[in-house]
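This is what each chain is made of:
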There are 4 protein chains.
Amino acid sequence: MVIDTQDEHPKHRIQLSKVGVKNLKTFIITERSGIRHHIIPTVELTIDLPAEYKGIHMSRLVESMTEVISDEFSVHKSVEELQIHILEGLAKKHPLNHGEITFEFEFGYASRTPASNKRTWEICDVVATTAKENGNATYCHTIEIKVIGNTVCPHCMANNEGLTHMQRAIGALKVVGTTENIPTYGDMIEVIESSFSSKTYSLLKLEDEVHVTRRMHDNPLFVEDVCRNILQHAYDKFSDRVLEMYAEATSLESIHKHDVIARGRIVTNGD
Amino acid sequence: MVIDTQDEHPKHRIQLSKVGVKNLKTFIITERSGIRHHIIPTVELTIDLPAEYKGIHMSRLVESMTEVISDEFSVHKSVEELQIHILEGLAKKHPLNHGEITFEFEFGYASRTPASNKRTWEICDVVATTAKENGNATYCHTIEIKVIGNTVCPHCMANNEGLTHMQRAIGALKVVGTTENIPTYGDMIEVIESSFSSKTYSLLKLEDEVHVTRRMHDNPLFVEDVCRNILQHAYDKFSDRVLEMYAEATSLESIHKHDVIARGRIVTNGD
Amino acid sequence: MVIDTQDEHPKHRIQLSKVGVKNLKTFIITERSGIRHHIIPTVELTIDLPAEYKGIHMSRLVESMTEVISDEFSVHKSVEELQIHILEGLAKKHPLNHGEITFEFEFGYASRTPASNKRTWEICDVVATTAKENGNATYCHTIEIKVIGNTVCPHCMANNEGLTHMQRAIGALKVVGTTENIPTYGDMIEVIESSFSSKTYSLLKLEDEVHVTRRMHDNPLFVEDVCRNILQHAYDKFSDRVLEMYAEATSLESIHKHDVIARGRIVTNGD
Amino acid sequence: MVIDTQDEHPKHRIQLSKVGVKNLKTFIITERSGIRHHIIPTVELTIDLPAEYKGIHMSRLVESMTEVISDEFSVHKSVEELQIHILEGLAKKHPLNHGEITFEFEFGYASRTPASNKRTWEICDVVATTAKENGNATYCHTIEIKVIGNTVCPHCMANNEGLTHMQRAIGALKVVGTTENIPTYGDMIEVIESSFSSKTYSLLKLEDEVHVTRRMHDNPLFVEDVCRNILQHAYDKFSDRVLEMYAEATSLESIHKHDVIARGRIVTNGD
């Protein structure tokens, strides 16, 4: 006979939130527009815990996940659809008011060098979350993507006869939306890449390097400019589709040991 | 003649928040109750940026900091007092509506082994933030401390003739309060350490190891229990002094490759 | 007309080694025994630089890689075979005496829970290096795999009436060998998993948890024991196939904030 | 009566090396030339383990350390001297053939802005190791220091009418020597800082930023140049004092998502 310690009363009757598993790595396959992605996400899967119960049933969380993904031949339409299936399965196994699942992973996409037109692969970081409130019919998705680009200081350029400093920068865009309307990773990557002084590339032959360096000098941008560019480009593209947009730009200053950062947010609901 | 590019109008008139420097490492000295702490914090110092300005003056942020801390013989009463001085200096140099400074650092404290009573040094992680709204007379402090302890599974113990699994765990407590009322790091550490199955120690002679291991078996706790213990102990000690308390407990499961986590929050204002 | 700055003489005529690209992320597909792996490795690709040249041609390194992997439909027999192709391509583009390529990535493999026999996916870390000396006909491979398991302290158990502490542990095995003889990842994973007090699993239902916990209590091992187990099991399985074997075991002590570690090595060449 | 499980015979009689504690954080105070440093190092302390013993006595390692450092008023002449005391104490407690202790920590040093001459604090990373062979009368020290600076691409500059790209870079110098002859951290930092296109600073007022940016354009350097500069400058300053010198330069390319790296080594013993 099993003793369900979790269902006992706790010593201190305090309600908890976001209780579950974290840093769990697993293996999933998605296929969108004919392109397969094998992904090893780092997973966090959590639910709330009412004040009167001692614990949640952790193994039911993992089981909800393995039941959906464990078949090595199962191919899912998207990360978002897969996350919904896991939360649906979990709701049948475990009472919950709020359920939430996050995948963090690297995502590869094809690109081309700007002058020599050679094929390259670029990699960005994705954090994809799906959440569900009990009694709420729809799932809410939050997707954050981070891409590496660069900044060129317009203030130094204006005060130094055109000489300036430039550096690697990281642009991030986070959007919140419903399953039908959430943008694709590709569209989000495009928004971020177009917001830097220049995109960056795995491969640059000399003609490409010359092209990129000129583009950078023609397009000097503060980290604040990059952050606003991301927000504006996202607004232009997604304002009728997402509820909230967050941007963050970080510049790994070449003249300092520290970074500079700018953050912003546009809320579109009510539009 | 200097061109102040920062004061030009931006291409996209979008208000930004938390714009500034990040990952800046510096050197500070504090002295409290006669004990000196030399600290190398990782600093984030940010302000808001109105829609009509292209950029903030980043060097004024750093200068506000170096003017307060650069004298190698200057000793400060506390991290919180030092952060207030920096924000005060910044408010004179740069218009701002919201200013915020965060230090992340490791903090050492003396302890004693539980049975052999030998002296040890233990280290925890601190994140200390001070924020100020324009027009608001008081500064708001947020302090988060993370300490390493352990958990022992009560569910396995109850179903396995007393045999169970145990593991390293991390307990975190975050409090929000005013300068006069914010708890000391030492009191916060005590709250966290008393919430685990057992405290952990740098040094344990065999008699100590026996003592700790017995204590662990006598005090099996879920990660949910540890989280609630931290909240309850913090409430008992600080409820009249802090506005909000957050707790998080993470258990590095010994039978899994992943962690389990629980989070909670108590708001005391209005009390 | 291109100026090849790299081919000029340097200010200081000092020979350099392992010059190249690092932290480059790319996308590859391998297929072995009918199982496809899409991998996003973090790549280091380096060559030596003679004293008389100012620099290496960095873009030729990346190009050697993108030429082999850029076709999104190209599927490679193995990481090792792919690394050889890249070094072969590089040797044609760039003079070099020593070339070396390393991929770091996560690798997923199927497992089954020990009592309930449910399917799970487990993830481990792989570092795979291929190196070639000029004039040497064969390529040398080094593969390191890290898997998470656990340790249970036999010393505490012996002195504490059977009560003891246990914790998460990490086992690593590194082997050096030729293309024909290098072990598969699966065989290396098996060696490591069988060396712990117990394997760990993503999913454990209560009956599995009881099984694992009993196994742990029946098989108490120091970190030194785990390290020697890995070496002995690797020797038993691979001694006629690999030249060198290294093992490392790290235990995330549940009674301490720090880890304990053991390392060892067996050289088999000449055997 | 204590059962010394460690002194039993192991299942597999394999000799191990570098067995001990890792990721142990502690608290030390040094004073050199009147300047006090409070340091929270991450410690690794290891010894060898002969084939016939099951384990080492881990608590004796930590105890050797706490006995030397635990008094909160004890001030040590240098990290190197402190490490020798710990190894001396350990040799009395535990038989060992090879003992080795490593401290990793951040180190702050005062600097001045290049044009406005304001005081700043800069931080670098230090890894300091002391090792002793049984029967060998002297201790061997290895010190590695990493400092952040920058690189400016001379190849792009030569082919692009003076336009080029620049970026943050990391320079590392590692030296091996005896207690009497090991260089100071300050001298090593100077060697590294003088090897970049330019030093970097926490604070730069506009006049400083102009100064640094011009210096960078006047001094374009590949990562290979920075690596050779470090080696040559170290050789000029330390060749009669150290046995081996290693250098590594890493450039966080602003036009790529990846880094480029160069490594080199000069052995001076026999000189």
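The following paragraphs examine the structure supplied in this document. Everything numeric here is computed off the predicted structure, so don't read it as measured data. (Residues numbered from 1 in each chain as written. Chains lettered and ligands numbered in written order. Predicted model: local features only at pLDDT ≥ 70, side-chain atom pairs only at ≥ 80, totals over all residues.)

1. Quick look at helix 4 (residues 185-193) of chain B
Of all the residues in helix 4 of chain B, the buried ones are Met188, Ile189, Val191, Ile192 and Glu193 of chain B. Elements that come into contact with the buried residues of helix 4 of chain B comprise strand 5 (98-112), strand 6 (119-133), strand 7 (140-152), strand 8 (166-177), strand 9 (198-199) and helix 6 (223-238) of chain B. (Buried ≥ 20, exposed ≤ 12 C-beta atoms within 10 Å, placed from the backbone. Helix = DSSP H or I, 4+ residues; strand = E, 2+ residues; numbered from the N terminus. Contact = placed C-beta atoms within 7 Å.)

2. Topic: the pairing of strand 4 (residues 42-49) of chain A
Residue and element names in this part refer to chain A. The element strand 4 is largely enclosed, with a buried count of 7 among its 8 residues. With 6 bridges joining them, strand 4 and strand 5 (residues 98-112) adopt antiparallel strand pairing. Opposite Ile47, over in strand 5, you have Gly99 as the bridge partner. (Pairing = 2+ DSSP bridges.)

3. Overview of the nonpolar core
Formed by 311 residues in total, the largest nonpolar core has its most connected members in Leu173 of chain A, Leu173 of chain B, Leu173 of chain C together with Leu173 of chain D. If we skip the residues at most four places from it in the chain, Leu173 of chain D touches Ile145, Met188, Val191, Ile192, Ile230, Ala234, Met245 and Ala247 of chain D. (Core = buried A, V, L, I, M, F, W, Y, C linked by C-beta atoms within 7 Å.)

4. Details of the environment of Val62 of chain A
Relative to the assigned elements, Val62 of chain A resides in helix 1 (residues 58-69). Separated by 187 residues in sequence, Val62 of chain A and Ala249 of chain A have C-alpha atoms that sit 35 Å apart. The contact partners of Val62 of chain A, leaving out residues within four places of it in the chain, are Val21 and Leu24 of chain A together with Ser202 and Leu203 of chain C.

5. Some remarks on the relation of the copies chain D and chain B
These two copies of the chain differ by a rotation about an axis and a displacement along the same axis. Note on the identical chains: chain D maps onto chain B by a rotation of 180° and an axial translation of 0.0 Å, with an RMSD of 0.0 Å. The transformation relating the two chain copies, once decomposed into turn and shift, fits a two-fold axis. When C-alpha positions in chain D are compared against the rotation axis, the closest is assigned to His38 of chain D, at 2.7 Å. In this assembly the copies share their binding face: 100% of the residues contributing to the interface of chain D also contribute to that of chain B. (Least-squares fit on C-alpha atoms with pLDDT ≥ 70 in both.)

6. Thoughts on the interface of chain D and chain B
Counting residues at the interface gives 27 residues for chain D, matched by 27 residues for chain B. Put simply, the parts of the chain that give the side of chain D that touches chain B at least two residues each are strand 1 (16-25), strand 3 (35-39), helix 1 (58-69), strand 5 (98-112) and strand 6 (119-133) of chain D. For the side of chain D that touches chain B, the residue count by class is 11 nonpolar, 9 polar and 7 charged. (Nonpolar A, V, L, I, M, F, W, Y, C, P; charged D, E, K, R; others polar.)

7. Notes on the environment of Gly264 of chain B
Mapped onto the elements of the fold, Gly264 of chain B is located in strand 11 (residues 259-267). Considered as a pair, Gly264 of chain B and Thr30 of chain B are 234 residues apart in the sequence and their alpha carbons are 31 Å apart. Ignoring any residue separated from it by four or fewer positions in sequence, one finds Gly264 of chain B in contact with Ile14, Leu16 and Ser17 of chain A together with Cys227, Arg228, Leu231 and Ala247 of chain B.

8. Describing the environment of Arg32 of chain A
All names here are of chain A. For Arg32, the position within the fold is in strand 2 (residues 28-32). The exposure class assigned to Arg32 is partly exposed, which follows from the 15 C-beta atoms found within 10 Å. In sequence terms Arg32 and His76 are 44 residues apart; their C-alpha atoms lie 8.5 Å from each other. For Arg32, the contacting residues outside a window of four places in its chain are Lys77 and Ser78.

9. Looking at the interface of chain D and chain C
On the chain C side, the residues contacting the 43 residues of chain D number 43 residues. Those elements giving two or more residues to the side of chain D that touches chain C turn out to be strand 1, helix 3 (154-159), helix 6 (223-238) and strand 11 (259-267) of chain D. Ranked by the residues each element gives to the side of chain D that touches chain C, the list is headed by strand 1 of chain D, at 10 residues. In terms of residue class, the side of chain D that touches chain C is built from 18 nonpolar, 14 polar and 11 charged. Taken together, the 5 bridges between strand 11 (residues 259-267) of chain C and strand 1 of chain D define a ladder with antiparallel strand orientation. Residue pairing for strand 1 of chain D: Gly264 of chain C is matched across the bridge by Leu16 of chain D.

10. So, the packing of helix 4 (residues 185-193) of chain C against helix 6 (residues 223-238) of chain C
All names here are of chain C. Two elements in contact, helix 4 and helix 6, have axes separated by 8 Å at closest approach and are oriented at 140°. Judged on the interaxial angle alone, helix 6 and helix 4 are oblique. By crossing handedness, the relation of helix 4 to helix 6 is classed as right-handed. The residues of helix 6 that touch helix 4, namely those facing Asp187, Val191 and Ile192, are Ile230, His233, Ala234 and Lys237. When grouped by side-chain class, the residues that make up the contact of helix 4 with helix 6 number 4 nonpolar, 1 polar and 2 charged. (Axes fitted to C-alpha atoms, helices over the stretch in contact; angles between N-to-C directions. Parallel < 35°, antiparallel > 145°, perpendicular 65-115°, else oblique. Left-handed = near helix turned anticlockwise from the far one by under 90°.)

Without other data, these values stay purely geometric and don't point to any function.
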